[in-house]
Amino acid sequence: MLSSILRGAAAGAAGATALNAVTYVDMAVRGRPASSTPEQTVEKVAHAVGVEIPGDEQRKQARASGIGALLGLLTGTAVGAAYGAAHGAGWRPGTVTGGLAATGAALVAANGPMTVLRITDPRRWSFADWASDVVPHVAYGFVTAATFAATVRKRRR
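Rules used in this analysis
Residues numbered from 1 in each chain as written. Predicted model: local features only at pLDDT ≥ 70, side-chain atom pairs only at ≥ 80, totals over all residues. Heavy atoms only, no water. Helix = DSSP H or I, 4+ residues; strand = E, 2+ residues; numbered from the N terminus. Buried < 20%, exposed > 50% of the residue type's maximum accessible area, 1.4 Å probe, protein only. Contact = heavy atoms within 4.5 Å. Areas by Shrake-Rupley, 256 points an atom, 1.4 Å probe, with all protein chains shown as cover. Lys, Arg positive; Asp, Glu negative; His and termini not counted. Charge placed at Lys NZ, Arg CZ, Asp CG, Glu CD. Salt bridge = Lys/Arg side-chain N within 4 Å of Asp/Glu carboxyl O.

Caption draft 1: Representation of the overall build of the protein chain in the model. Within the protein chain one finds five helices and zero strands. Along the protein chain, from the amino end to the carboxyl end, the secondary structure elements read α-α-α-α-α. Principal axes of the C-alpha set define a box for the protein chain whose edges measure 65 × 35 × 25 Å. Relative to its 157 residues, the protein chain shows a buried fraction of 32%. Of the contacts made within the protein chain by residues no fewer than 6 positions apart, 78% connect residues no fewer than 24 positions apart. Just so you have it, the protein chain exposes about 9,700 Å², and 64% of that area is on carbon and sulfur atoms. For the protein chain, the distance from the average site of its 16 positive side-chain charges to the average site of its 9 negative ones is 19 Å.

Caption draft 2: Structural context of the pattern of salt bridges. A complete count under the given rule lists six salt bridges for this structure. Notably, a salt bridge pairs arginine 30 with aspartate 26, separated by 2.6 Å at the nearest N-O pair. With arginine 30 and aspartate 26 both in helix H1 (residues 2–30), this residue pair falls four residues apart, about one helical turn. One salt bridge in this structure joins aspartate 26 and arginine 32, with 2.5 Å as the shortest N-O distance. Of the two residues, aspartate 26 and arginine 32, both sit in the buried class. One network of salt bridges, in which partners are shared, links Asp26, Arg30 and Arg32.

See below:
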């Protein structure tokens, strides 16, 4: 089980790298700015738990941005670890089914907290908003599933 979880975490980290790459390509091609929702999430959670982000406004914003990005990587790695745990428990999806499952899990893990905190409301997103969120998560899901599949040892008969 531990081996499956660790391989899943590594696959999730690879998926997070793919998600970031697709996001940055989208930003470069369309000239769209980075989302501020991860930063807003960090600020809102810090306020809710009574923690002050240190520094002047510029440094606070930079720290919140950095922590938001790190939380995204952590989320991707954790979803991958959960994917590995499911495999260790006996779930054996193909790459397509696994990719779709990892995509869905990542979308919920990334957007759920921001929705609960009322930082965003997916019900109000435009088609372009959805596309700029779903497409990178699809890249995440399929890279995670394919990377995990590549690490699975085939049993000899």
